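# Structural description and commentary
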Amino acid sequence: MNILYPKNMSHYNKYLFLPLLYCCFFCIHTVSAQSGRCGQNLQWNISDSILTISGQGAMDNMDPIGEVFTPWYSQREGVKKIILSEGVTRIGNFAFLGFSSLEDVSFPTTLSAIGSDAFSGCSRLQNVQCPERLEKIEDYAFSACTSLKSVCLQNTSLNEIQAGVFYGCSSLADVRLPQTLSFIGNNAFKDCVSLSDIPFPQKLERIGDDAFRACTSLKRISFPEGFHTLGSRAFDVCANLESVSFPSTLRYIGYWAFGACKKLKGEIVLPEGFTEMMAGAFRECESITSVTFPSTLTHISGDAFQLCRNIRTVRFPSALISIGDNAFRDCYHLSAAILPEGLEHIGPNAFRGCTTMKQLFLPNSLEQIGEWAFCGCTMLKSIKIPTGITRIE
């Protein structure tokens, strides 16, 4: 390529000018493809900011880590609408990742699966309505779609929402779940800060770790009968959550499941048959006033109700064997602890800082009391130590 410079241009300025010329040259002569193949029997075409996928079957997967990109990737920022024609059965992994101008998607009735990260980072997409035959939405499919306001899955055949599907969808306020749904995966709705209500379907059985963590607009939760397992941090720091209703089928609550839900108020009633509550399950739930445990619960975990400053009454289970470290620490308004026969161990700091406690009953079955277990219980006038005690730290 011969370049003619102005006569008055210095030698130094010629070298500064070269990159600009080469850039212009390649921009003019390099034209991105507008159509091609994207699956064994699928074709794609871009025209007037619309990407159309047509044909039969599943789309190819993209793998950014392995540097395998979809053929339209370089044009993603100019696409405003995607039309998936009848016959398309699966959207590939990472297919429309980072389509920052995408506003509308038309799904075919033949669609049965959406691949992982398929629409991740589509920051202008506002509404999603999925077809009836949809059976699977894979991990992080719609994550970081920050303008997404409503999602209708009501008529789909989904059995589960996998990990992180709507993680970081900060504008999401309306979600309609299908009645076929039995599991909501880890991080599924994490950081959906506009979500104020989430009606659970009747077949829901499990919710994974961090599933609704930091959903700061959530106010009420009601679990259906048949629900049994709540993962760790599932509703952690849901700062405006006020009420929770547990079903008789609940069996497990994970670590910090309701941690720092400071507006969660009233009575916490755990049903008969409930078997395990992990550490910090209700830590820093400052507005809870009372707790009722099922008679069959044998262990109250460490930090379970620490800093629940307004708890006034606790009904301990008759089958209780141990109370974990810091379990009721700094429950300032807890006035009495009538502990049942059969209790063997009280962990360190278990009732530390319960400054208004006036009544304490320790059963004859008690063998160990951990260090500082009743430190700061300044209104206790006396403590009767049971004869079976073998260790006080």
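Above this text sits the structure in question.
Analysis parameters
- Residues numbered from 1 in each chain as written.
- Predicted model: local features only at pLDDT ≥ 70, side-chain atom pairs only at ≥ 80, totals over all residues.
- Heavy atoms only, no water.
- Helix = DSSP H or I, 4+ residues; strand = E, 2+ residues; numbered from the N terminus.
- Rg over C-alpha atoms; globule rule 2.2 N^0.38 Å.
- Buried < 20%, exposed > 50% of the residue type's maximum accessible area, 1.4 Å probe, protein only.
- Contact = heavy atoms within 4.5 Å.
- Areas by Shrake-Rupley, 256 points an atom, 1.4 Å probe, with all protein chains shown as cover.
- Lys, Arg positive; Asp, Glu negative; His and termini not counted.
- Charge placed at Lys NZ, Arg CZ, Asp CG, Glu CD.
- Core = buried A, V, L, I, M, F, W, Y, C linked by side-chain atoms within 4.5 Å.

## Comments concerning the overall build of the chain
Summing up its helical and strand segments, the chain has one helix and 30 strands in all. Taking 2.2 N^0.38 as the reference for a compact globule, 393 residues should give roughly 21 Å; the C-alpha atoms of the chain span a radius of gyration of 29 Å, well beyond that estimate. When the backbone C-alpha atoms are referred to their principal axes, the chain occupies close to 100 × 60 × 30 Å. Here the chain, with 393 residues, has 47% of them falling under the buried criterion. Residue pairs at least 24 apart in sequence account for 30% of intrachain contacts in the chain once pairs closer than 6 positions are excluded. Accessible surface, the chain as shown: approximately 18100 Å² in total, 49% of it carbon and sulfur. Here the chain contributes 33 positive and 36 negative side-chain charges, whose respective centroids are spaced 7 Å apart.

## A closer look at the nonpolar core
One finds Phe-258 and Phe-351 to be the most contacted residues of the largest nonpolar core, which totals 114 residues. For this core, the leading source of residues is strand β2 (residues 42–47), giving three residues. If we skip the residues at most four places from it in the chain, Phe-351 touches Phe-316, Ile-323, Phe-328, Leu-334, Ala-337, Leu-339, Ile-346, Met-357, Ala-373, Phe-374, Cys-375 and Cys-377.

## Considering unusual backbone geometry
You will see that Asp-48, though not glycine, has its phi angle at about 50°, which is positive. Within the secondary structure layout, Asp-48 lies in the loop between β2 and β3 (50–55). Positive phi, normally seen in glycine, also occurs at Phe-94, with a value near 60°.

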